[in-house]
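# Architecture at a glance
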Amino acid sequence: LLALLACLGLAQPTHETTSYLVQLCCTTLVFYGLATGPQSKTLAATALAAGMVGLVLSGAPTLALLYALGAAALYLSDTHAEPSERRHAVQWSVLALASALIAAALTWWLDAWRWKLAWPQELGKDWLDLARLLVWFAWPAWPLALWTLWRWRRQILHRRPHLHLLLPLWFVLVTLGCAVGTLPSDRALLLSLPALAALAAFALPTLRRSMSALIDWFTLLFFSASVIAIWVIWVSTQTGVPAKPAANVAKLARGFEPQFSAIAFAVALVATLAWCALVWWRAGRHRSAIWKSLVLPASGAALGWLLLTTLWLPLLDYARSYAPQASQLASALGPEPGCVQMVGLSRAQVAALQYHASLRLQPASRTTDCPWLVADNEAWPAPENLVNPDLWTREATIGRPTDRKEFILLFRRAASPD
């Protein structure tokens, strides 16, 4: 659990309401079910069934099939097990195959076969950017996982499979292949974190004291510097001292008005003091525990995101949401705009305009008689079968305060349709 919480890539996607978070949860359920099947059959079977169905419904049916088929093959490959263990392995492999068959039938019934692989160049990916993503997204789990594979290499290559190593390795390989061959790569890589954390856990008993100390010092310096930077920028935006950070915020987030919340400040202060106490405890002499090397990485990652979601929450909302843009659009439209046609807007833009501006949006059509039209700047001019540009006059160009390339174009109907 500590290795999973410490992963840097886990933080942002878990604060988003997307299907990828559902896929992460269902992947964890499938992994738990397949790993604990012979020990706790009822609970494991329930977790496996829920995870497989969840993966299908959340848009990852192929991953569900690969997880189950690979696990079934691993269980059946243990031909040197004791008769009782062999019987349990065969039973669980049959259950895994049955779950894969049910998932495939459900996917076919829902016509949900949408996932396909492609070579990274075909997706417009750069190998160097992909390598950078792999380095930071799963830090610090991936170095520990590699160390596990090296220290336990004899067990991995042994003729009798060691499922506690091979099963998480299979999950990691499947998700890495998905990250390389699909878009978006970071969301696909997110699903590898539970299995990577499991592999990382096996490295802890084999770490030397010098390696543990190196992890502690690096983590301490990295997260302490991050915490200090977060506090300095927050104090600057609230008081103007020091002036440089506040000026940078005003330049990057034009129009942002700082807000003070006593509750957020108290929570952030208590969390920071707890971090200081944890560092003091970790630096002391205590009975050795194998999980101590991951206490600071996991706590530092949690503290960083807690500070961002308390002290920096108003700024992040202003910078990342469509609320300021939707508010400007609502002001330009007036109190009762009526129906509004749209062209080229993303689902996020549509949801923001409907929620923040209370607009009644309709897809653009020549037969729709709406007085207003909104379009993304990348989608204009619109196809002539949808919009006659001669009938529309541009009224405003509304941008996002933190994005100089994204604009919404507002048009008013200039004449009645033919």
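Source: prediction; values computed, not measured.

Basis of the calculations
- Residues numbered from 1 in each chain as written.
- Predicted model: local features only at pLDDT ≥ 70, side-chain atom pairs only at ≥ 80, totals over all residues.
- Heavy atoms only, no water.
- Core = buried A, V, L, I, M, F, W, Y, C linked by side-chain atoms within 4.5 Å.
- Buried < 20%, exposed > 50% of the residue type's maximum accessible area, 1.4 Å probe, protein only.
- Contact = heavy atoms within 4.5 Å.
- Patch = residues over 30% accessible without salt bridge, like charges linked within 9 Å, V, L, I, M, F, W, Y side chains within 5 Å.
- Areas by Shrake-Rupley, 256 points an atom, 1.4 Å probe, with all protein chains shown as cover.
- Salt bridge = Lys/Arg side-chain N within 4 Å of Asp/Glu carboxyl O.
- Helix = DSSP H or I, 4+ residues; strand = E, 2+ residues; numbered from the N terminus.
- Pairing = 2+ DSSP bridges.
- Axes fitted to C-alpha atoms, helices over the stretch in contact; angles between N-to-C directions.
- 1 Å grid on protein atoms, 1.4 Å probe; cavity = no way out; pocket = protein on both sides within 12 Å on 5 of 7 lines; lining within 4 Å.
- Points joined across faces, edges and corners; volume = space filled by probe spheres on them.
- Parallel < 35°, antiparallel > 145°, perpendicular 65-115°, else oblique.
- Left-handed = near helix turned anticlockwise from the far one by under 90°.
- Nonpolar A, V, L, I, M, F, W, Y, C, P; charged D, E, K, R; others polar.

## Observations concerning the nonpolar core
- Counting residues in hydrophobic clusters, the biggest one holds 60 residues, and the most contacted among them are Val30, Leu34, Tyr67, Leu144, Phe171 and Leu193.
- Contacts of Tyr67, omitting those with residues within four sequence positions, involve Thr27, Val30, Leu34, Leu55, Trp170, Phe171, Val174, Thr175 and Leu191.
- Grouped together as the second largest cluster of nonpolar side chains are 19 residues, Ala271, Leu278, Leu307 and Trp312 included.

## Points about a nonpolar patch on the surface
- A surface patch of nonpolar side chains, about 740 Å² in accessible area, is lined by Val53, Leu57, Trp108, Trp109, Leu110 and Trp113.
- Elements that contribute at least two residues to the nonpolar patch include exactly α3 (41-57) and α5 (83-110).
- Among the elements that make up the nonpolar patch, the one with the highest residue count is α5 (3 residues).
- Here Trp108 lies in helix α5.
- The exposure class assigned to Trp108 is exposed, which follows from its relative accessible area of 66%.

## A look at the environment of Ala64
- For Ala64, the location among the structural elements is in helix α4 (residues 61-76).
- Spatially, the C-alpha atom of Ala64 lies 18 Å from that of Leu196, the residues being 132 residues apart in sequence.

## Thoughts on the pattern of salt bridges
- All chains considered together, the criterion is met by 3 salt bridges.
- A salt bridge links Asp369 to Arg413; the shortest N-O distance between them is 3.7 Å. Within this pair, whereas Asp369 is found in the loop between β2 (360-363) and β3 (372-376), its partner Arg413 is found in strand β5 (residues 403-413), the two being separated by 44 residues in sequence.
- Assessed through its relative accessible area of 56%, Asp369 is described here as exposed.
- What makes Arg413 buried here is its relative accessible area of 16%.
- Residue Arg412 is joined to Glu395 by a salt bridge in which the shortest nitrogen-to-oxygen separation is 3.6 Å. Of this pair, Arg412 sits in strand β5 while Glu395 sits in strand β4 (residues 392-400), and the two are 17 residues apart along the sequence.
- We classify Glu395 as partly exposed; its relative accessible area is 41%.

## Digging into the sheet that holds β4
- Reading across the sheet, the 5 strands line up as β2-β1-β3-β5-β4 and stay open at both edges, with mixed pairing between neighbours. In the strand order of this sheet, the two ends are held by β2 and β4, each with one partner. Recorded for the sheet is a direction-independent mean angle of 30° between the axes of neighbouring strands.

## Observations concerning the pairing of β4
- Pairing of β4 with β5 involves 8 bridges; the strand directions are antiparallel. Across the sheet, the residue bridging to Ile398 is Ile408, located in β5.
- The turn linking β4 back onto β5 is made up of 2 residues.

## Points about empty space enclosed by the protein
- Per the counting criterion, the structure on display carries 1 cavity of 30 Å³ or more.
- Taken as a whole, the largest cavity holds about 80 Å³ of empty space.
- Residue lining of the largest cavity: Ile233, Trp234, Thr237, Gln238, Phe256, Pro258, Gln259, Leu311, Trp312, Pro314 and Leu315, and that is the complete set.
- Looking at the lining of the largest cavity, the elements with two or more residues in it are α12 (209-239) and α16 (313-320).

## Here we look at the packing of helix α2 (residues 19-36) against helix α9 (residues 163-181)
- Interaxial distance between α2 and α9 falls to 10 Å at its minimum, and their mutual angle equals 155°. It follows that α2 is roughly antiparallel to α9 by the angle criterion. Where α2 crosses over α9, the handedness of that crossing is right-handed. For the pair α2 and α9, the contacting residues are Thr27, Val30, Phe31, Leu34 and Ala35 in the first and Leu167, Pro168 and Phe171 in the second.
- Residues that form the contact of α2 with α9 fall into these classes: 7 nonpolar, 1 polar and no charged.

## Observations regarding unusual backbone geometry
- Here the bond from Trp139 into Pro140 is cis, since omega is 5°, no more than 30 degrees from zero.
- Mapping Pro140 onto the fold places it in the loop between α6 (127-137) and α7 (141-151).
- Here the bond from Val241 into Pro242 is cis, since omega is -10°, no more than 30 degrees from zero.
- Checked against the element boundaries, Pro242 lands in the loop between α12 and α13 (243-252).
- Phi is positive for Ser358, which is not a glycine, with a value near 55°.
- For Ser358, the position within the fold is in the loop between α18 (347-356) and β2.

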